[in-house]
Protein chains: 2
Amino acid sequence: MYNRIVDMYTLSEENYLKTIYRLAQADGKITPTAIAESLGNNPASVVDMIRKLSEKQLIEYDKKKGVKLTAQGLKDAVLIVRRHRLWEVFLLEKLGYHWDEIHDIAEELEHINNDTLADRLDKFLGFPEYDPHGDPIPKANGKMAKPYSVTLAAMKAGSTCEVAAVRDTSSAFLQYLAKLNIGIGTKIQLIEKISFDNSLVISINGKEHTTVSQKFGDNILIE
Amino acid sequence: MYNRIVDMYTLSEENYLKTIYRLAQADGKITPTAIAESLGNNPASVVDMIRKLSEKQLIEYDKKKGVKLTAQGLKDAVLIVRRHRLWEVFLLEKLGYHWDEIHDIAEELEHINNDTLADRLDKFLGFPEYDPHGDPIPKANGKMAKPYSVTLAAMKAGSTCEVAAVRDTSSAFLQYLAKLNIGIGTKIQLIEKISFDNSLVISINGKEHTTVSQKFGDNILIE
DNA sequence: AAATAAAATTAGGTTTGACTAATTTTATTT
DNA sequence: AAATAAAATTAGTCAAACCTAATTTTATTT
Ligand SMILES: [Mn+2]
Ligand SMILES: [Mn+2]
Ligand SMILES: [Mn+2]
Ligand SMILES: [Mn+2]
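This one's a predicted model, so the numbers in the text were calculated from it and none came from an experiment. (Residues numbered from 1 in each chain as written. Chains lettered and ligands numbered in written order. Predicted model: local features only at pLDDT ≥ 70, side-chain atom pairs only at ≥ 80, totals over all residues. Heavy atoms only, no water.)

Asks: Honestly, the pattern of salt bridges in this entry has me stumped. Any pointers?
Replies: Any two side chains of opposite charge can pair, on the condition that their charged atoms come close. Taken as a whole and assessed by the stated rule, the structure comprises 18 salt bridges over all chains. The shortest N-O distance in the salt bridge between A:K187 and A:E162 comes to 3.1 Å. Separated by 25 residues along the polypeptide, A:K187 in strand 4 (residues 187-194) and A:E162 in strand 3 (residues 160-166) bring together distant segments of the chain. A relative accessible area of 44% places A:K187 in the partly exposed class. For B:R82, the salt bridge identified is with B:D122, shortest N-O distance 3.1 Å. Taken together, the residues span a long stretch of sequence, with B:R82 in helix 4 (residues 71-94) and B:D122 in helix 6 (residues 117-124) at a distance of 40 residues. Since its relative accessible area comes to 2%, B:R82 is described here as buried. What emerges from the salt-bridge pattern is a single network uniting A:E13, A:K52 and A:K56. (Salt bridge = Lys/Arg side-chain N within 4 Å of Asp/Glu carboxyl O. Helix = DSSP H or I, 4+ residues; strand = E, 2+ residues; numbered from the N terminus. Buried < 20%, exposed > 50% of the residue type's maximum accessible area, 1.4 Å probe, protein only.)

Asks: Whenever I open this one, the coordination of the manganese ion (ligand 3) confuses me. Can you help?
Replies: Tetrahedral coordination by four donors places them ideally at 109.5 degrees to one another around the metal; octahedral coordination by six donors ideally gives 90 or 180 degrees. Residue and element names in this part refer to chain B. Of the protein atoms, only N15 (OD1), E107 (O), E107 (OE), E110 (OE) and H111 (NE2) coordinate the manganese ion (ligand 3), at distances of 2.0 to 2.4 Å. Mapped onto the sequence, the residues coordinating the manganese ion (ligand 3) show the spacing N-x91-E-x2-E-H. Of this pair, N15 sits in helix 1 (residues 11-25) while E110 sits in the loop between helix 5 (102-109) and helix 6, placing them 95 residues apart in sequence. Given the relative accessible area of 18%, N15 is considered buried. Assessed through its relative accessible area of 0%, E110 is described here as buried. (Donors = N, O, S within 2.8 Å, 3.2 Å for Na, K, Ca; no water.)

Asks: Can you walk me through the protein's contact with DNA strand D in this structure?
Replies: Taken together, the neighbourhood of DNA strand D is formed by 20 residues, with A:T33, A:R51, B:T10, B:S45 and B:K52 sitting nearest. Among atoms of DNA strand D positioned within 4 Å of the protein, sugar and phosphate together represent 77%. In the model, a phosphate oxygen of DNA strand D is placed 2.5 Å from a nitrogen or oxygen of the B:T10 side chain. A distance of 2.8 Å separates a phosphate oxygen of DNA strand D from a polar backbone atom of B:N42. Going through the elements one at a time, helix 2 (32-39) and helix 3 (43-55) of chain A together with helix 1 and helix 3 (43-55) of chain B are the ones with two or more residues in the surface near DNA strand D. The residue makeup of the surface near DNA strand D, split by class, is seven nonpolar, eight polar and five charged. (Near = heavy atom within 4 Å. Polar contact = N/O pair within 3.5 Å; in protein donor to acceptor, adjacent residues only side chain to side chain. Nonpolar A, V, L, I, M, F, W, Y, C, P; charged D, E, K, R; others polar.)

Asks: Hey, could you run me through the packing of aromatic side chains in this one?
Replies: Where two aromatic rings form a pair, the distance of their centres and the angle of their planes describe that pair. The final tally for this structure, using the stated rule, is 15 aromatic pairs over all chains. Summarising the aromatic geometry, the rings of A:Y130 and A:Y148 are spaced 5.3 Å apart at their centres and angled 25° between planes, so their arrangement reads as stacked. Within this pair, whereas A:Y130 is found in the loop between helix 6 (117-124) and strand 3, its partner A:Y148 is found in the loop between helix 6 and strand 3, the two being separated by 18 residues in sequence. A:Y130 gets classed as partly exposed once you look at its relative accessible area, which sits at 29%. Given the relative accessible area of 21%, A:Y148 is considered partly exposed. Taken together, a centroid distance of 5.3 Å and an interplanar angle of 80° make the contact between A:Y176 and A:F216 edge-to-face. Residue A:Y176 is found in helix 7 (residues 171-179), and its partner A:F216 is found in helix 8 (residues 214-218); the two are separated by 40 residues along the sequence. In this structure an aromatic cluster arises from ring pairing among A:W87, A:F90, A:F124, B:W87, B:F90 and B:F124. Directly above the ring of B:Y97 sits A:R120, whose terminal nitrogen or CZ lies 4.0 Å from the centroid. (Phe/Tyr/Trp six-rings, centres within 6.5 Å; stacked < 30°, edge-to-face > 60°. Lys NZ or Arg CZ within 6 Å of the ring centre and 35° of its normal.)

Asks: How do you make sense of the protein's contact with DNA strand C when you look at a structure like this?
Replies: Every one of the 20 residues lining DNA strand C counts as a neighbour, but A:T10, A:S12, A:S45, A:K52 and B:T33 are closest to it. Sugar and phosphate atoms represent 83% of those atoms of DNA strand C found within 4 Å of the protein. In this structure, A:N42 approaches DNA strand C through a main-chain N or O atom, which is 2.8 Å from a phosphate oxygen. Taking B:R51, its side chain carries an N or O atom lying 2.6 Å from a phosphate oxygen of DNA strand C.

Asks: Is there a simple way to explain the sheet that holds strand 7 (residues 220-222) of chain B in this structure?
Replies: Sheets are built from strands that pair by backbone hydrogen bonding, the pairs being arranged parallel or antiparallel. Residue and element names in this part refer to chain B. Spatial strand order, 6-5-4-3-7: five strands in an open sheet with antiparallel pairing. One side of each edge strand has no neighbouring strand; the edge strands of this open sheet are strand 6 (209-212) and strand 7. The mean angle between the axes of side-by-side strands here comes to 50°, regardless of whether they run parallel or antiparallel. Across three bridges, the pairing between strand 3 (residues 160-166) and strand 4 (residues 187-194) is antiparallel. Looking across to strand 4, one finds that T160 is bridged to Q189. Across the sheet, helix 7 (residues 171-179) lies against strand 3, strand 6 and strand 7, angled at about 145° from strand 3, the strand it touches most. (Pairing = 2+ DSSP bridges. Axes fitted to C-alpha atoms, helices over the stretch in contact; angles between N-to-C directions. Contact = heavy atoms within 4.5 Å.)

Asks: Sorry, what's going on with the interface of chain A and chain B here?
Replies: Where interface size is quoted, it is often the accessible area lost as the parts come together. With 20 residues of chain A at the contact, the number on the chain B side is 19 residues. Together chain A and chain B conceal approximately 1600 Å² of surface at their shared face, both sides included; 68% is due to carbon and sulfur atoms. Together, A:L95, A:I112 and A:R120 form the three largest contributors to the area buried by chain A at its contact with chain B, with a combined 33%. At the surface where chain A touches chain B, the tally comes to zero salt bridges. Counting the contacts that link chain A with chain B gives 10 residue pairs in polar contact (both at pLDDT 80 or more). (Buried area = accessible area lost by both parts, 1.4 Å probe.)

Asks: How should the relation of the copies chain A and chain B be read in this particular structure?
Replies: For the pair of chain copies, the relating transformation is a rotation about an axis with a translation along it. Of the transformation superimposing chain A on chain B, the axial component is 0.0 Å and the angular component is 180°, with the fit at an RMSD of 0.1 Å. Taken together, these values place the two copies in the relation of a two-fold axis. It is A:L109 whose C-alpha, among those of chain A, lies nearest the rotation axis, at 3.7 Å. Both copies present the same face, since 95% of the interface residues in chain A are matched by interface residues at the equivalent positions in chain B. (Least-squares fit on C-alpha atoms with pLDDT ≥ 70 in both.)

Asks: Can you help me understand the domain arrangement of chain A in this one?
Replies: Once the domains are mapped, chain A shows domain 1 (6-73) and domain 2 (152-222). The centre of domain 1 of chain A, based on its C-alpha atoms, is set 33 Å off from the matching centre of domain 2 of chain A. (Domains from an automatic or database assignment.)

Asks: Honestly, the pairing of strand 5 (residues 199-204) of chain A in this entry has me stumped. Any pointers?
Replies: A regular strand places its side chains on the two faces of the sheet in alternate fashion. Residue and element names in this part refer to chain A. For strand 5, the buried fraction is high: six of the six residues fall into the buried class. Here strand 5 shows a buried face lined by S199, V201 and S203 and a second buried face lined by L200, I202 and I204. Pairing of strand 4 with strand 5, which is carried by six bridges, proceeds in the antiparallel orientation. Within strand 5, the residue paired with I194 across the bridge is S199. In textbook terms, the turn of a hairpin is the stretch between consecutive antiparallel strands, and for strand 4 and strand 5 this stretch comprises four residues, one of which, N198, has a positive phi near 60°. When strand 5 meets strand 6 (residues 209-212), the two strands line up antiparallel, connected through four bridges. Counterpart to V201 in the pairing with strand 6 is T211. In textbook terms, the turn of a hairpin is the stretch between consecutive antiparallel strands, and for strand 5 and strand 6 this stretch comprises four residues, one of which, N205, has a positive phi near 50°.

Pasting the structure below:
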């Protein structure tokens, strides 16, 4: 049995695959508009690419069900995500970048492909399980740990948790976290939920209380 | 005084700059045909790009004198070369690639740019002076050691040398060298030059004699 | 100096992946 | 159910970076 010849996708095709993969992690159907927003492209352009990727059998598009990755598309998307997250670990751990600087560089590095590059990098980094934002790194076979999914905002008042991952990886959010001294592994106690607007009063690493928004709490994933 | 906004060149522009830089190291004028051959493109396409790069003031083209990099073009080309050679060191030393596998991957990595990436990589690698093929690595300011230029073929019979660099970095040549147990630092004694075709009878690391072609000798640079 | 060959250039075309503007389809309000 | 709004799609355009084929310029032979 012959394997498809894969992995000679264009940069754009790869970015679309990865975006569709990411949108598929959330709930709801994947529409041209959603993809367009996510990539900062025009929906008309997305429709073109949907056609192209459908012809290549990497996705299936049904008006009702939206866009879905095929088995092949999923396999390929996961490998791009693997490369992205491995490079993020490299940039942070080996080159000393801060966690708010690595995403954009990894966005380019992820497209460099070579039979063994990801696997060698993986080995060099000591086979990390999670990237610097707490996202699981797919193994060469596509398997990976289940992503964290419980948010700080969903916790009940009084309980304590440990930060496992961040959902939003924008500089704005990550720099705000840095200012608050919050990183992966930080212990947070939820003191009180303000019922008016769901603001959260928290204690960071046992320090004095701080108030953060619901949006903030929605973007912190806990163990 | 304002600096030009640089470093947002396309992949193609960067590859042209680097090729022109490389051709400038050799002697003779740089013609559209030479660039075309070097890049595997059609001369007509090269003429297009010569126009584009001229407009951007990265090169100057004179029918008589051929293509020349401007001060700005040279500066930028050298930084691309810097990235290329640093990544080659990384791939060999950190990821364990063989020296005949690294060029093609570096050919892609060199285009990834970020204010501090090259400098951080440089530091991480311990500020290497030479890449795995013996080519000097430009510093952030553009300065670099003088490239090796004396060839094995130019040596006089009887003398001994140490391999400092290879001129040809094709897999074919590098694998041949590996088979002969020749690498950077290998000691070679030139036993005899066959006057008929300039073949070279050499002794590698003091071992028994081997005969190699003039072309071979032209592509080995010595200390 | 002609003739010929080689190199450079022009003209026109293709593909990829964007775009805008117009239209059609689908969903939401009233 | 009609009206309206939103989303999806089509049609046509554009720039980048390549190409081929034809032409012009330059270099080399005879
Ligand atoms: Mn990307
Ligand atoms: Mn990440
Ligand atoms: Mn390159
Ligand atoms: Mn090299």
